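# Reading the structure
This is what each chain is made of:
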Amino acid sequence: MYLNLGVASGQRLITACAASINRRCTSVRHQQLTSLITDMVAQDLLPLSFVDGTGYRQLMSFVEPEYHVPSRMTITRQLEARYEACAQGIKDKLSKVSHVSITTDGWTSNTTESYVTVTCHFIAEWTLNSVVLQARAINEKHTAANLAELMKATVDEWGLYGKVIAYVHDNASNIVAA
């Protein structure tokens, strides 16, 4: 039951929702809520510990008293399943193209951790597509041999062997030699 507390500018205002609504948190609703929480964690780049927060749990207890907030492990499993589905979709798309180009970039974070990102560019159905294939920390030395192995492993993992027509990178001597 919604309370109508007046009219402003010819528009009805709905400002309160009566707490007397008797709604059960069914298994379908529970799954929908958990899916929405997973979406929120992914889209807003929230840490997994977010679901353990006292304030968040209090909010969910108020909004949906019968809902049991999922654990970090549940959210992690859902995120991993979504990643696998997304990666498979990208692999399916890449299997249908004959040529791709690869761009790479390496950088060092403020905490002096080294990272590399590998992006794939291709045309499918007359549309330019770009997908990040990998963004990961590099713990080994940044030698040409290590970077070449990283590129080879990425190409193999994504089924791109024989399809890469161009690699674009900066002029760092180690990546040029790779």
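Heads up: the structure comes first, above all this text.
The shown structure was predicted, so the numbers you read here are calculated from the model rather than taken from an experiment.

With that settled, consider the pairing of strand 4 (residues 114–124). Among the 11 residues that make up strand 4, 8 are buried, leaving the element largely enclosed by the rest of the structure. The pairing of strand 3 (residues 100–108) with strand 4 spans 8 bridges and is classified as antiparallel. Its bridge partner lying in strand 4, T108 is registered against S114. Where strand 3 folds back onto strand 4 in an antiparallel hairpin, the turn is made up of 5 residues, including T112, whose phi is positive at roughly 65°. Two elements, strand 4 and strand 5 (residues 127–137), share 10 bridges in a ladder whose sense is antiparallel. Each bridged residue has a counterpart across the sheet, and for T117 the counterpart in strand 5 is A135. The hairpin turn running from strand 4 into strand 5, its antiparallel successor, is 2 residues long, and E125 in that turn takes a positive phi close to 50°.

So, about the sheet that holds strand 5. Taken together, 4 strands build an open sheet; the order of strands is 5-4-3-6 and the sheet is mixed. Across the chains shown, the open sheet's two edge strands, defined by having one partner strand only, are strand 5 and strand 6 (164–168). Direction aside, neighbouring strands of the sheet carry axes that sit 20° apart on average. Contacts from helix 4 (residues 144–157) reach strand 3, strand 4, strand 5 and strand 6 within the one sheet, and its direction differs from that of strand 5 by about 125°.

Glancing now at the side chain of Q134. Along the chain, the position of Q134 falls in strand 5. Look at Q134 and you get buried, because its relative accessible area is 15%. Reaching out from Q134, the side chain makes a polar contact with the side chain of T154 at a distance of 3.4 Å.

Residues L94, V100, C120, F122, L133, W158 and L160 are the most contacted members of the largest nonpolar core, which totals 20 residues. The leading source of residues in this core is strand 4, at 5 residues. For C120, the residues in contact, after removing those within four places along its chain, are L94, V100, S101, I102, N129, S130, V131, L133 and L160.

Cut-off values and rules
- Residues numbered from 1 in each chain as written.
- Predicted model: local features only at pLDDT ≥ 70, side-chain atom pairs only at ≥ 80, totals over all residues.
- Heavy atoms only, no water.
- Buried < 20%, exposed > 50% of the residue type's maximum accessible area, 1.4 Å probe, protein only.
- Helix = DSSP H or I, 4+ residues; strand = E, 2+ residues; numbered from the N terminus.
- Pairing = 2+ DSSP bridges.
- Axes fitted to C-alpha atoms, helices over the stretch in contact; angles between N-to-C directions.
- Contact = heavy atoms within 4.5 Å.
- Polar contact = N/O pair within 3.5 Å; in protein donor to acceptor, adjacent residues only side chain to side chain.
- Core = buried A, V, L, I, M, F, W, Y, C linked by side-chain atoms within 4.5 Å.

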